[in-house]
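Each chain, written out:
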Amino acid sequence: MEIPVALCHKARSLNPKIRHVGYYDDFGRILYDNVRQNTKPMEGTEEMHILNGTVAAMLNLWNPASSLIGKVRSFIMIREKLTALIYPQIEGHYFLVVFEATTEISEVEAVRSFFEQALR
């Protein structure tokens, strides 16, 4: 497996609609973040931490069901102002890819496939 920093850089370069790609711990703390040049944050720092913490909490909430229905491999969140791809990793860490809201689901799937191949 490549290191998360390299994967963030490669994933960010796959599509110009990607706002940022980050690697986070199980509390939603940023371990690495690659932001598209000249991208203004939609949220302030506090709101960003709330979003990241919410994703981390959601993954932790789903963990007990893993023995019954399998681990979460990835999921896509579509909101009014953004689309996000969450790709869980070991020990609660995860990649979060934030796209422009106008991104087609096929474009998100292409990035999901990139992670699937890179993390085998």
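Bear in mind the structure is a predicted one, so any value in this text is a computation, not a measurement.

S.K.: Mind showing me how you'd approach the sheet that holds strand 1 (residues 18–24) here?
M.R.: The 5 strands are arranged 2-1-5-4-3 in an open sheet whose pairing can be described as antiparallel. Looking at which strands have only one partner, the edges of the open sheet turn out to be strand 2 (30–35) and strand 3 (75–78). When the angles between neighbouring strand axes are averaged without regard to direction, this sheet yields 15 degrees. Taken together, the 6 bridges between strand 1 and strand 5 (residues 94–100) define a ladder with antiparallel strand orientation. Following the sheet pairing, Tyr 23 is matched in strand 5 by Phe 95. Sheet strands touched by helix 1 (residues 4–12): strand 1, strand 2 and strand 5. Its angle to strand 1, the strand with the most contacts, is close to 165 degrees. Set on the sheet, helix 4 (residues 105–118) makes contact with strand 1, strand 3, strand 4 (82–88) and strand 5; between it and strand 4 the angle comes to about 20 degrees.

S.K.: Where do I start with the environment of Ile 78 in this structure?
M.R.: Topologically, Ile 78 is positioned in strand 3. For Ile 78, the residues in contact, after removing those within four places along its chain, are Thr 83 and Ile 105.

S.K.: Sorry, what's going on with helix 1 here?
M.R.: The periodicity of an α-helix, 3.6 residues per turn, causes residues three or four positions apart to be oriented the same way. All of the buried residues in helix 1 are Pro 4, Leu 7, Cys 8, Ala 11 and Arg 12. When helix 1 is viewed along its axis, its buried side chains cluster within an angular range of 130 degrees and face the same direction. Buried residues in helix 1 make contact with strand 1, strand 2, strand 5 and helix 4.

S.K.: Sorry, what's going on with the packing of aromatic side chains here?
M.R.: How two aromatic rings sit relative to each other is given by the distance of their centres and the angle of their planes. All chains considered together, the criterion is met by 6 aromatic pairs. Plain terms: the ring middles of Tyr 23 and Phe 95 are 4.7 Å apart, the flat faces sit at 45 degrees to each other, and that makes the pair tilted. With Tyr 23 in strand 1 and Phe 95 in strand 5, this pair connects stretches of sequence that are 72 residues apart. Phe 95 shares its class with Tyr 23; the two are buried. Note on Trp 62 and Phe 75: the rings are 5.0 Å apart at their centroids and 70 degrees apart in plane angle, and the pair reads as edge-to-face. Of the two residues, Trp 62 is situated in helix 2 (residues 45–62) and Phe 75 in strand 3; the sequence distance between them amounts to 13 residues. Of the residues examined, Trp 62 reaches a relative accessible area of 34% and is grouped as partly exposed. Following the ring pairs from residue to residue traces out a cluster consisting of Tyr 23, Tyr 87, Phe 95, Phe 114 and Phe 115.

S.K.: Which parts of the structure should I look at to understand the pattern of salt bridges?
M.R.: A side chain with one charge may pair with a side chain of the opposite charge, provided their charged atoms come close. Counting across every chain of the model gives 7 salt bridges. Arg 19 is the salt-bridge partner of Glu 100, the closest N and O atoms lying 3.5 Å from each other. Highlighted residues: Glu 100 in strand 5 and Arg 19 in strand 1, separated in sequence by 81 residues. Of the charged contacts in the structure, one is a salt bridge between Arg 29 and Asp 25, with a shortest N-O distance of 2.7 Å. With relative accessibility at 48%, the residue Arg 29 sits in the partly exposed group. For Asp 25, a relative accessible area of 6% corresponds to the buried category. Linked by salt bridges that have partners in common, Arg 73, Glu 109, Arg 112 and Glu 116 make up one network.

Definitions and cut-offs
- Residues numbered from 1 in each chain as written.
- Predicted model: local features only at pLDDT ≥ 70, side-chain atom pairs only at ≥ 80, totals over all residues.
- Heavy atoms only, no water.
- Pairing = 2+ DSSP bridges.
- Helix = DSSP H or I, 4+ residues; strand = E, 2+ residues; numbered from the N terminus.
- Axes fitted to C-alpha atoms, helices over the stretch in contact; angles between N-to-C directions.
- Contact = heavy atoms within 4.5 Å.
- Buried < 20%, exposed > 50% of the residue type's maximum accessible area, 1.4 Å probe, protein only.
- Arc of directions from axis to C-beta.
- Phe/Tyr/Trp six-rings, centres within 6.5 Å; stacked < 30°, edge-to-face > 60°.
- Salt bridge = Lys/Arg side-chain N within 4 Å of Asp/Glu carboxyl O.

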